[in-house]
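Here are the chains, one letter per residue:
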Amino acid sequence: MPDGAAPADRAALLAGDVPAGARRGPVPPPPHPSGERAPRIDPRFVPRHVAVVMDGNGRWANARGLPRVEGHKAGEAALLEVMAGAIELGITHVSAYAFSTENWKRSPDEVRFLMGFNRNVLHRRRDQMDAWGVRVRWAGRHRKLWRSVIRELEVAEEQTRHNTVCTLTMCVNYGGRAEIADAARAIAREVAAGRLDPERVSEKTVARYLDEPELPDVDMFLRTGGEQRTSNFLLWQSAYAEMVFIDDAWPDVDRRTLWRAVETYARRDRRYGGAVDRPASPAP
């Protein structure tokens, strides 16, 4: 809580009702309603960067006799919960797959809803993210994306640019193959202009031309909804990510879901292509 802030002021901060600049520092997210606290995990085994595929919204809604868009609406609270849980564990980067380059294939009504929904979530929640010390970033293509969505993304980026508690990268109109193709195109232009020697193009060169060059590699790739695929999300960054797939639909997720996933991640043996010889003990 900021120095001298009354309880009512703190409640307003957590609700995202305090304008930018009205705080002296970030406030922690409110605890989970159950009172459950984040598990104690050795910081060495906490992922730095978690990529999240927020899947299962439509199936969650249809199973309840509701239109698909109701599942997307219900998923807004899940994103806030995951961000709260990430902050409590000390995760420094979360990337959320909000709208893919393939999602344009959905019905026009659903696309219109998702465009407006992403815009409105950013508008409603950016003060709350700012209060928690979250820096909001955007990865994705401008092409076809609504100007009003781009505007809200840019406003959120500007307002939260100095925050350091956690970085939330909203991947809107994003595709992993598109990102790599765009990087290759930019590199080709540099080579054609004589500013880059093609013989010196390396993996580090490619990384510099990605949408968010400062984004660290993904440590844990979390997908909800029961499917077990990457769906073209952060392909380059997830080369050595640990995959954690869970059956819970995205609207049913809260911070405890993230905590359990991180506990699974912490038990993994990450070798990055290396191996250690561990001969089995001889049988007695």
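Cut-offs and rules
Sequence positions are assigned chain by chain, starting from 1 and proceeding in written order. Note on the predicted model: pLDDT of at least 70 is required for a residue's local features to be given, and 80 or more for side-chain atom pairs to be given and counted; whole-chain, interface and lining totals, by contrast, use all residues. The side-chain numbers reported here are obtained from all heavy atoms of the structure, hydrogens and water having been left aside. Definitions used for this entry: grid spacing 1 Å over protein atoms alone; cavity, a set of points where a 1.4 Å probe fits but cannot get out; pocket, an open set with protein on both sides within 12 Å along at least 5 of 7 lines; lining residue, one with an atom within 4 Å of a point. Grid points are joined across faces, edges and corners, and a volume is the space filled by probe spheres set on the points. Each helix is a run of H or I in the DSSP string that is no shorter than four residues. Each strand is a run of E no shorter than two, and both are numbered from the N terminus. Residue polarity is assigned by list, with Asp, Glu, Lys and Arg as charged and Ala, Val, Leu, Ile, Met, Phe, Trp, Tyr, Cys and Pro as nonpolar; anything else, Gly included, falls into the polar class. The criterion is simple. A nonpolar core is a set of buried Ala, Val, Leu, Ile, Met, Phe, Trp, Tyr and Cys residues joined through side-chain atoms within 4.5 Å. Whether a residue is buried, partly exposed or exposed follows from its accessible area with a 1.4 Å probe, protein chains only, as a fraction of its type maximum: under 20%, in between, or over 50%, in that order. We call two residues contacting when some pair of their heavy atoms lies within 4.5 Å. UniProt positions are given in the numbering used here, feature names are shortened, and annotations may be inferred rather than shown by experiment. Between N or O atoms, a polar contact is any pair within 3.5 Å; within protein, one atom must be a potential hydrogen donor and the other a potential acceptor, and residues adjacent in sequence are included only when both atoms are from side chains. Definition used for salt bridges: Asp or Glu carboxyl oxygen within 4 Å of a side-chain nitrogen of Lys or Arg. As a per-residue measure, pLDDT reflects the predictor's confidence and takes values from 0 up to 100. Here a strand pair is declared whenever DSSP counts at least two bridges between the two strands. What counts as an axis is a line fitted to C-alpha atoms, over the stretch in contact for a helix, and the angles between N-to-C directions run from 0 to 180 degrees.

## A word on the layout of surface pockets
The calculated volume of the largest pocket comes to roughly 630 Å³. In terms of lining, the largest pocket is formed by 30 residues, of which the most central are Met54, Asn57, Tyr97, Asn103 and Arg106. Listed by contribution, the elements that provide at least two residues to the lining of the largest pocket are helix 2 (57-62), helix 3 (68-89), strand 2 (93-100) and helix 4 (108-131). Empty space within the second largest pocket amounts to approximately 360 Å³. What lines the second largest pocket is a set of 17 residues, among which Ala207, Leu215, Asp217, Trp236 and Gln237 lie closest to the centre. When grouped by side-chain class, the residues that make up the lining of the second largest pocket number 9 nonpolar, 1 polar and 7 charged.

## Notes on the nonpolar core
As a rule of thumb, nonpolar side chains are buried together in soluble globular proteins. Counting 54 residues, the largest nonpolar core has Met83, Ile91, Met170, Val172, Met220 and Leu258 as its most contacted members. Apart from residues no more than four positions distant in its own chain, methionine 220 is found in contact with Pro47, His49, Val50, Ala51, Glu242, Val244, Leu258, Ala261, Val262 and Tyr265. Formed by 12 residues, the second largest nonpolar core is a distinct cluster that contains Leu215, Val218, Phe221 and Leu234.

## A closer look at the UniProt feature "binding site: Mg(2+)" (unreviewed entry) in the protein
According to UniProt, the feature "binding site: Mg(2+)" (unreviewed entry) maps to Asp55 and Glu242 in the numbering used here. From the set just named, the residues that line the largest pocket comprise Asp55. With respect to the secondary-structure elements, aspartate 55 resides in the loop between strand 1 (49-53) and helix 2. Ignoring anything within four residues of it in the chain, the contact list for aspartate 55 reads Arg223, Thr224, Gly225, Glu227, Ala249 and Trp250. A polar side-chain atom of aspartate 55 sits 3.0 Å from a polar atom in the side chain of arginine 223. Tracing the backbone through its elements, the reader meets glutamate 242 in strand 6 (residues 242-245).

## Some thoughts on the UniProt feature "active site" (unreviewed entry) in the protein
Look at the UniProt record and you will see "active site" (unreviewed entry) annotated at Asp55 and Asn103. A compact arrangement is adopted by the annotated residues: their sequence extent is 49 residues, whereas the largest C-alpha distance between any two is 12.4 Å. Checked against the lining of the largest pocket, the annotated residues reduce to Asp55 and Asn103. On the accessibility criterion, aspartate 55 (15% relative accessible area) is buried. Only 3.4 Å separates the side chain of aspartate 55 from the side chain of arginine 59, close enough to count as a polar contact. Examined against the element boundaries, asparagine 103 turns out to sit in the loop between strand 2 and helix 4. Since its relative accessible area comes to 14%, asparagine 103 is described here as buried. A polar side-chain atom of asparagine 103 sits 2.8 Å from the main-chain amide nitrogen of serine 100.

## Quick notes on the pattern of salt bridges
Side chains that carry opposite charge are capable of pairing whenever their charged atoms lie near each other. Counted according to the given criterion, the structure contains 23 salt bridges. For arginine 124, the salt bridge is made with glutamate 76, and the minimal N-O distance between the two is 2.6 Å. Pair noted here: arginine 124 is in helix 4 and glutamate 76 is in helix 3, with a separation of 48 residues, a long-range link. Assessed through its relative accessible area of 40%, arginine 124 is described here as partly exposed. Looking at glutamate 76, the relative accessible area reads 12%, which means it is buried.

## Examining the confidence of the model for the protein
Of the residues in the protein, 88% reach a pLDDT of 70 or more, and the chain-wide mean stands at 90. This stretch, residues 1-16, has a pLDDT under 50; its non-local contacts, to residues over four places away or in other chains, come to 23 contacts.

## A few points about the sheet that holds strand 1
Spatially, 3-4-2-1-5-6 is the arrangement adopted by the 6 strands of the open sheet, whose pairing is parallel. The sheet is open, and its two edges are formed by strand 3 (134-139) and strand 6, each paired on a single side. The mean inter-strand angle of the sheet, taken between neighbouring strand axes irrespective of direction, is 20 degrees. Sheet analysis places strand 3 next to strand 4 (residues 166-174), joined by 6 bridges and oriented parallel. Note that in strand 4 the partner of valine 136 across the bridge is leucine 168. Packed on one face of the sheet, helix 5 (residues 147-159) meets strand 3 and strand 4 and runs near 145 degrees to strand 3.

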